[in-house]
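Spelled out, the chains give:
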Amino acid sequence: MRRILWIAAVLAVTGCERPAAPGPAGAPPTPVATAAGTALFAVESATLDEIVIDAQGFVLYRSDRDTAGVSDSACTGQCLQSWLPVPCQGEVRVEGIDRQLVTCFTRSDGRRQLSLAGWPLYGYTGDRMPGDTNGHGQSDEWFAISPNGLRAGQGP
């Protein structure tokens, strides 16, 4: 219950819309970091048990095309139009997640990306509102991530 109230407070402060990416109208949203860095929170989902969200309440995902522990992302080129690498900036704030599972790595394109339990983290452009899980199960390879790095809804 405390986590739900916290999410409501975050949404009241930050608003419900994800900032749009710079560029032409209709460009996909971009994951954002807090002013002090990046933030990850474990919250309960009505359908997927515990999931991980960013500071704006958007669900984060992992891809089965990636390999846990490998310090790069399989999502490049066309993939990046729908799946947005979560940037790693400043200190990473976590709540309800083992801090030792959270790391950053440098992608082959030079950008820093956040990972959880070795899995690179992504936002999904098809999620328009905080809490949307439209990316879960996409192409049978994209899944909301649980606080321990497993596919959400898969248990411990």
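To start, this report covers the structure provided alongside it. (Residues numbered from 1 in each chain as written. Predicted model: local features only at pLDDT ≥ 70, side-chain atom pairs only at ≥ 80, totals over all residues. Heavy atoms only, no water.)

Following the criterion strictly, the structure yields five aromatic pairs and no others. Where Tyr61 meets Trp83, the ring centres are 5.4 Å apart and the plane angle is 75°; that geometry is what we call edge-to-face. Here Tyr61 is found in strand β3 (residues 61-63), whereas its partner Trp83 is found in strand β4 (residues 83-85), with 22 residues between them in sequence. Residue Tyr61 is classed as buried on the basis of its relative accessible area of 0%. Their ring planes at 75° and their centres at 6.2 Å tell us that Tyr61 and Tyr124 sit as a pair that is edge-to-face. (Phe/Tyr/Trp six-rings, centres within 6.5 Å; stacked < 30°, edge-to-face > 60°. Helix = DSSP H or I, 4+ residues; strand = E, 2+ residues; numbered from the N terminus. Buried < 20%, exposed > 50% of the residue type's maximum accessible area, 1.4 Å probe, protein only.)

We now examine the sheet that holds strand β7 (residues 112-116). Strand order in this open sheet of three strands is β6-β7-β8, and the pairing throughout is antiparallel. One side of each edge strand has no neighbouring strand; the edge strands of this open sheet are β6 (102-106) and β8 (119-120). (Pairing = 2+ DSSP bridges.)

Glancing now at the state of the cysteines. On inspection of all chains with the given rule, the structure shows two disulfides. Through a disulfide, Cys75 is tied to Cys79; the S-S separation comes to 1.9 Å. Between Cys75 and Cys79, the disulfide has an S-S torsion of -105° and is therefore left-handed. Since its relative accessible area comes to 12%, Cys79 is described here as buried. The disulfide partner of Cys88 is Cys104, and the gap between their sulfur atoms is 1.6 Å. Within this pair, whereas Cys88 is found in the loop between β4 and β5 (91-95), its partner Cys104 is found in strand β6, the two being separated by 16 residues in sequence. The cystine pairing of the chain, numbering bonded cysteines in sequence order, is 1-2, 3-4. (Disulfide = S-S within 2.5 Å.)

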